[in-house]
Number of protein chains: 2
Amino acid sequence: MKEGPDIAQIGALIGDPARANMLSALMGGRALTATELAGAAGITLQTASSHLSKLEAGGLVGQRKQGRHRYFALLDDEVGLLLEGLMGFAASRGFLRARPGPKDPALRKARVCYNHLAGDFGVRMLDRMVADGHVAIDGDEASLTKSGEERMRQLGIDMDALHDQRRPVCRTCLDWSERRSHLAGSLGEALLSRFIDRGWARRSNESRAIHFTRAGERAFCDLFPLPEPLPAPLSHGE
Amino acid sequence: MKEGPDIAQIGALIGDPARANMLSALMGGRALTATELAGAAGITLQTASSHLSKLEAGGLVGQRKQGRHRYFALLDDEVGLLLEGLMGFAASRGFLRARPGPKDPALRKARVCYNHLAGDFGVRMLDRMVADGHVAIDGDEASLTKSGEERMRQLGIDMDALHDQRRPVCRTCLDWSERRSHLAGSLGEALLSRFIDRGWARRSNESRAIHFTRAGERAFCDLFPLPEPLPAPLSHGE
DNA sequence: TTCATACTTCGACGATAATCGAAGCATCGC
DNA sequence: GCGATGCTTCGATTATCGTCGAAGTATGAA
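Residues numbered from 1 in each chain as written. Chains lettered and ligands numbered in written order. Predicted model: local features only at pLDDT ≥ 70, side-chain atom pairs only at ≥ 80, totals over all residues. Heavy atoms only, no water.

You'll find chain A entered in an unreviewed UniProt entry as ArsR family transcriptional regulator, with Rhizobium subbaraonis given as the organism.

Laid out in structure tokens, this is it:
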């Protein structure tokens, strides 16, 4: 037998639909209870408990007990990165699950991808930053420019703190609904936090969707106007 | 049910040990026949055929027919990237398969990780380049410096061609045997090719190992000396 | 043309793992 | 203390899927 990492174990953990659903739910970035995860996966609580135990043993999730509640979350950034990659890959191969009925516009418009903004708004934000010369894209690589650094500081982003972190400030993450990149990395996370702290947007309680307030959406669109005027108004999307 | 990428399908494809073994074998960067892959996975040819059909349908491998031989390879760079990430992740979670008996020194010393040099030599190379100021590491990000650019050109690397490519010139890839990064990206690939073209090293026919000739090893070690003198001579390792 | 080799397809078998009802334990609120 | 709620554990069931022997097709070499 071959020496090396046992990718089959990781694959098998993710390869069960119920477990995949739970991991996807946790990509919303919030800790969820076992009951909530069972609901997200459409299975009973006892089955969810069994699955979560496996995910925990495999180092994909961790739990925190609060009284009778068990809050599960992705164990660390590495898991988030791995799942991001898997999502982008699955989408690139055409493995997409379509909900019967109309597509979920809320998820497509704005949602959390582990810790940063994804969806139409996420892609729009990166596109704007690139068009303004704040972010430079070289192939799959993204880097913040000097002017971008300045701009982010104006927006109240603590750039010193971001530079102190081990991970990249800017990273591209393939958006499964838009099929283009949105901004990940420490800056991506900081920006989403900023929008939420400012009250522009809030997290949905039921899904990974990010709901912008009317004022917040206006502010966001002012900050990141579309690179080109489109005949269809963006705000038409409820 | 949730809308979004179906990561369970990808997970399940990789989650079977036989399929995982074949994918790992293909990380050696060479196209292999169905018979070779069956041998690598320790299964019969008919089982391998069935598995390869699934991997192909899933967009992970592609095949090229040459007479009666079917050569299978990873479908594209995206697959390589995904598997690299999975390998690093599996190793980080402790999912390692140990061969009964002594560890495989050849794989640990130098092997192919999809298209670039990995193992002790791979890590050593990156460390040297960092110590010489040719590659700058910022968290997980790697970039070639001006002096590094110059140095690579001196080594005969066509840097213009590398810059024309879509992917990063330098990328870190977590080495599962050394638990540190080796150099991936277009430069990582170009360097491995260079060593092989110069006759310093050759690919093993049986595994992902890279065998350096005596002269090639000397040249490699001259080019990338250890950052610090160690009491144990590196060349002691057969 | 014949034989050997590489590979695909079919179908039966059996091992595995997800599933859930039932039961039990821990915590919370009245 | 009691009932409700959140969660874990146990055990039986069953669907799924990997496996391989057998048979067939395609290619190469003598």
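This is not the end of the story, as more comes after the structure.
### Comments concerning the pattern of salt bridges
Operational definition: The term salt bridge refers to a pairing of a side-chain nitrogen on Lys or Arg with a carboxyl oxygen on Asp or Glu at a separation within 4 Å. Secondary structure elements follow DSSP: runs of H or I no shorter than four residues count as helices, runs of E no shorter than two count as strands, and numbering proceeds from the N terminus. In this scheme, a residue with accessible area under 20% of its type's maximum is buried, one over 50% is exposed, and one in between is partly exposed, where area comes from a 1.4 Å probe on protein chains only.
For the structure on display, the rule yields 20 salt bridges over all chains. For the salt bridge of Arg93(A) with Glu78(B), the shortest nitrogen-to-oxygen distance reads 3.7 Å. Taken together, the positions of Arg93(A) in the loop between helix H5 (77-92) and strand E5 (96-97) and Glu78(B) in helix H5 (residues 77-92) put the pair across two chains. Judged by relative accessible area, Glu78(B) falls into the partly exposed class, the value being 35%. Among the salt bridges present, the one from Arg153(A) reaches Asp160(A), with a minimum N-O distance of 3.4 Å. Take Arg153(A): its relative accessible area is 34%, and that puts it in the partly exposed class. One salt-bridge network, in which partners are shared between bridges, spans Asp76(A), Glu78(A) and Arg93(B).

### What about the domain arrangement of chain A?
Residues and elements named next belong to chain A. Note the following rule: Throughout the structure description, domain borders are defined by an automatic or database domain assignment. Contact definition: two residues touch when any of their heavy atoms are within 4.5 Å. Take the accessible area each of two parts loses on contact, using a 1.4 Å probe, and add the two losses: that sum is the buried area.
Splitting chain A by domain gives domain 1 (7-75) and domain 2 (105-236). Of note, the centres of domain 1 and domain 2, computed from C-alpha atoms alone, are 27 Å apart. Tallying the contact residues gives seven residues for domain 1 and seven residues for domain 2. When domain 1 packs against domain 2, close to 590 Å² is buried across both sides, 55% of that on carbon and sulfur atoms. Of all residues in domain 1, Met-27, Gly-28 and Arg-30 give up the largest surface area on contact with domain 2, accounting jointly for 69% of the area buried on that side. In this assembly, domain 1 and domain 2 are joined by zero salt bridges.

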